[in-house]
Amino acid sequence: MSGDLVLIVLVGVAMVVGVAGPLLPMLPGLWLMWVAGLVFGVIVGFGTVGWVAMAVLTVLALAGTAAVFVLPGRRTSAIGVSRWGQAIAAVASVVGFFLVPIVGGALGFVLGIVIVSLVRTRSLRAAIADSWSTLKSMMLASGIQLGVGLAMMLVWIIWVFAR
């Protein structure tokens, strides 16, 4: 195996792991893909195609990352959760991440929304509805990240063949 092929295989593996990031939150995701693209460019040289590919990878990684924060944040604001409530849910997300592997971050955030909404509305039914709405926005954000990850992989594959 030539060095070039070994590099392509290693970066390809990093890309596949990165695409799985939105599905398995313990994996680094889009930024792993971005770093893999950067390493690829540093080793093989960027050239015009490489610089364009890195610019596209950067825009995609930023957009995909923003979706994870913006969509659930807008949803929680729309249902009446204050910034403090969102901060409490974010802390619950971090705690959940460490307590329950793989799904703990999302579970903690949703549980945090339930608690904040329960205190705010004094209704378990409303709190559950609020958390379901938030969970749907989180799933949408993960779907967007998955699509962005696939687009990033496609950009890298085009770069590999176009150089």
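Scroll up for the structure.
Procedures and definitions
Residues numbered from 1 in each chain as written. Predicted model: local features only at pLDDT ≥ 70, side-chain atom pairs only at ≥ 80, totals over all residues. Heavy atoms only, no water. Phe/Tyr/Trp six-rings, centres within 6.5 Å; stacked < 30°, edge-to-face > 60°. Buried < 20%, exposed > 50% of the residue type's maximum accessible area, 1.4 Å probe, protein only. Helix = DSSP H or I, 4+ residues; strand = E, 2+ residues; numbered from the N terminus. Axes fitted to C-alpha atoms, helices over the stretch in contact; angles between N-to-C directions. Left-handed = near helix turned anticlockwise from the far one by under 90°. Contact = heavy atoms within 4.5 Å. Nonpolar A, V, L, I, M, F, W, Y, C, P; charged D, E, K, R; others polar.

Further remarks concern the packing of aromatic side chains. Tallying each qualifying case throughout the model produces 6 aromatic pairs. Taken together, a centroid distance of 4.2 Å and an interplanar angle of 20° make the contact between Phe46 and Trp51 stacked. Under the relative-accessibility criterion, Trp51 is labelled exposed at 55%. Where Phe46 meets Trp159, the ring centres are 6.1 Å apart and the plane angle is 20°; that geometry is what we call stacked. Here Phe46 is found in the loop between helix H2 (30-44) and helix H3 (47-78), whereas its partner Trp159 is found in helix H6 (residues 124-162), with 113 residues between them in sequence. By relative accessible area, Phe46 is classed as buried at 15%. Three or more aromatic residues link up through ring pairs in this structure, and these residues are Phe40, Phe46, Trp51, Trp156 and Trp159.

Where helix H5 (residues 104-121) contacts H6, the two axes come as close as 8 Å, and the packing angle between them is 145°. Seen from above, H5 lies across H6 with right-handed handedness. Note on element contacts: H6 touches H5 through Leu124, Ala126, Ala127, Asp130, Ser131, Thr134, Leu135 and Met138, opposite Ala106, Phe109, Val110, Ile113, Val114, Ser117, Leu118, Arg120 and Thr121. The residue makeup of the contact of H5 with H6, split by class, is 11 nonpolar, 4 polar and 2 charged.

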